[in-house]
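Results of the structural survey
Now for the letters of each chain:
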2 protein chains.
Amino acid sequence: MADTAPETDAPCLWVVGTGPGDTAHLTPAAANAVRASTDVVGYGLYLDLLGDLMDGRERHEAPLGEETTRAEMALDLAADGRTTTLVSSGDAGVYAMASLLFERLAQRSASERERVRIEVLPGISAMQTAAARVGAPLGHDFCAISLSDLLTPWPVIERRVRAAADGDFVVAFYNPASRRRDWQLPAALEILRAARPADTPVVVARNLTRETEAITRTTLSALDPAQVDMLCVVLVGNAQTRVIDDWVYTPRGYAAKA
Amino acid sequence: MADTAPETDAPCLWVVGTGPGDTAHLTPAAANAVRASTDVVGYGLYLDLLGDLMDGRERHEAPLGEETTRAEMALDLAADGRTTTLVSSGDAGVYAMASLLFERLAQRSASERERVRIEVLPGISAMQTAAARVGAPLGHDFCAISLSDLLTPWPVIERRVRAAADGDFVVAFYNPASRRRDWQLPAALEILRAARPADTPVVVARNLTRETEAITRTTLSALDPAQVDMLCVVLVGNAQTRVIDDWVYTPRGYAAKA
């Protein structure tokens, strides 16, 4: 955005994702943003994962569920002239803090907005790490659907799952379940089971890149939703997705299947 | 995969994506794979982008269009005991080399396959960089569709675009056009235009992270397909996608729009 950024001495606010966990998947661009910042805002665990990068930086936390507070803190710090990084897990642009930041920015006046120069940096999202662990299930057309109905009404989510089934998309389910949300994944699976073969490959990735990481390869008929919780991402193959040894992959096109 | 990998002295074959361009978005994990390799296989331009990382490494190239040759070269090198990295642009797992590698692996015998220990590492895909440049258009449910009908029949692609319209997914179009493929993007846009408001935000990102990078913010009705070529990725917002100043973002959910 260098050539479109206004000539201004406004402070900079970077929005970065840490990737799936430790800094092995944090891009140099994101690491440099943190290093250049006086203040870093995030959920405590994600700030901890940054390790030495946090040395000498002021730390601003708010607990899980208080994402809006974190977005506002970052905007306030940047508006006050502090060079700030707002930290998400995964890719800040995918089910994460970047979109919320712009929602909050839109609530501020034009003169307030002008004082905050924002740059979003891309990161590695959970579905990508899950996919890499098992091969290349996202190798051709796919979609990402969040099964959380906290902010999106279930009929909208259900319509998306039906569309994913109609379009034979590989599907990455984010927020597939939680202690209070236990029927959404079974409902989504019912829709996909009606449209895809029973042996369609399914991957459940839990606690990616942590010591407790667990990757389960199963099938659409065998998947037990009781083994899926809020620490998981679930990938469901399409009609083309295949298995060789322990690998799961979706070929580039139909011709390749001939 | 450390706990599931066989106890073996088989050579290692890493599959990595460079991200959108230079090494600013290459993860440390991917950079370490290249550093640990004796041999690196890729399209020449992508190997050039690795810069100093290539020092002391044997370089194996094949031109654009010879992706299968590159996949076979990487498998052969690894089977011969060379520690090898196969390089894609973007995320190797998204419309890139990883899926093709497993297609070729599946053609080999079980004993040949056992000699090649593979690890895929995730990377930043073009849609993520494009999204970050303009804000957070992929902030909620989205799909990725390749408009190339070289390996996928058009009716399959068209069915996916219709499903994306039905499901109100934000859409990332890969391979939107080329000199010989000029009618697919107009056909896809016609489907989306029938389902979404004329002022739906659209982003065309060309030559991401290069000096010639160009980001165009437009709308579904105003987008001129003649300005889109094979160096572009196109993002089309959904009914929720909004604009504030120069930013484009899709809120986390419908409640947020209230």
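Residues numbered from 1 in each chain as written. Chains lettered and ligands numbered in written order. Predicted model: local features only at pLDDT ≥ 70, side-chain atom pairs only at ≥ 80, totals over all residues. Heavy atoms only, no water.

Residues and elements named next belong to chain A. With five of five residues buried, strand β4 (residues 84–88) lies mostly within the body of the structure. Residues Thr-84, Leu-86 and Ser-88 point to one face of β4 and Thr-85 and Val-87 to the other, with burial holding for every one of them. Where strand β1 (residues 12–17) lies against β4, five bridges are found, and the strand directions are parallel. Paired with Val-16 across the two strands is Val-87, which belongs to β4. The pairing of strand β2 (residues 39–42) with β4 spans three bridges and is parallel. The partner of Asp-39 across the bridge, within β4, is Thr-84. (Buried < 20%, exposed > 50% of the residue type's maximum accessible area, 1.4 Å probe, protein only. Helix = DSSP H or I, 4+ residues; strand = E, 2+ residues; numbered from the N terminus. Pairing = 2+ DSSP bridges.)

What follows is about helix α8 (residues 184–193) of chain A. All names here are of chain A. For α8, the complete set of buried residues consists of Gln-184, Leu-185, Ala-188, Leu-189, Ile-191 and Leu-192. Angular distribution of buried residues about the axis of α8 spans 155°; they occupy a single face of the element. Where α8 is buried, its residues meet α7 (154–166), β8 (170–174) and β11 (232–236). (Arc of directions from axis to C-beta. Contact = heavy atoms within 4.5 Å.)

Taken together, the contact pairs 70 residues of chain B with 69 residues of chain A. Summed over both partners, the interface of chain B with chain A buries about 6,500 Å², with 60% contributed by carbon and sulfur atoms. Counting every contact that joins chain B to chain A gives eight salt bridges. When the shortest N-O distance is used, the salt bridge between Asp168(B) and Arg160(A) registers 3.7 Å. Where chain B meets chain A, there are 33 residue pairs in polar contact (both at pLDDT 80 or more). Going through the elements one at a time, α1 (28–35), α4 (97–105), β5 (117–120), α6 (126–134), β6 (135–136), β7 (142–146), α7 (154–166) and β13 (247–249) of chain B are the ones with two or more residues in the side of chain B that touches chain A. Considering every element that reaches the side of chain B that touches chain A, the biggest residue donor is α7(B), with seven residues. (Buried area = accessible area lost by both parts, 1.4 Å probe. Salt bridge = Lys/Arg side-chain N within 4 Å of Asp/Glu carboxyl O. Polar contact = N/O pair within 3.5 Å; in protein donor to acceptor, adjacent residues only side chain to side chain.)

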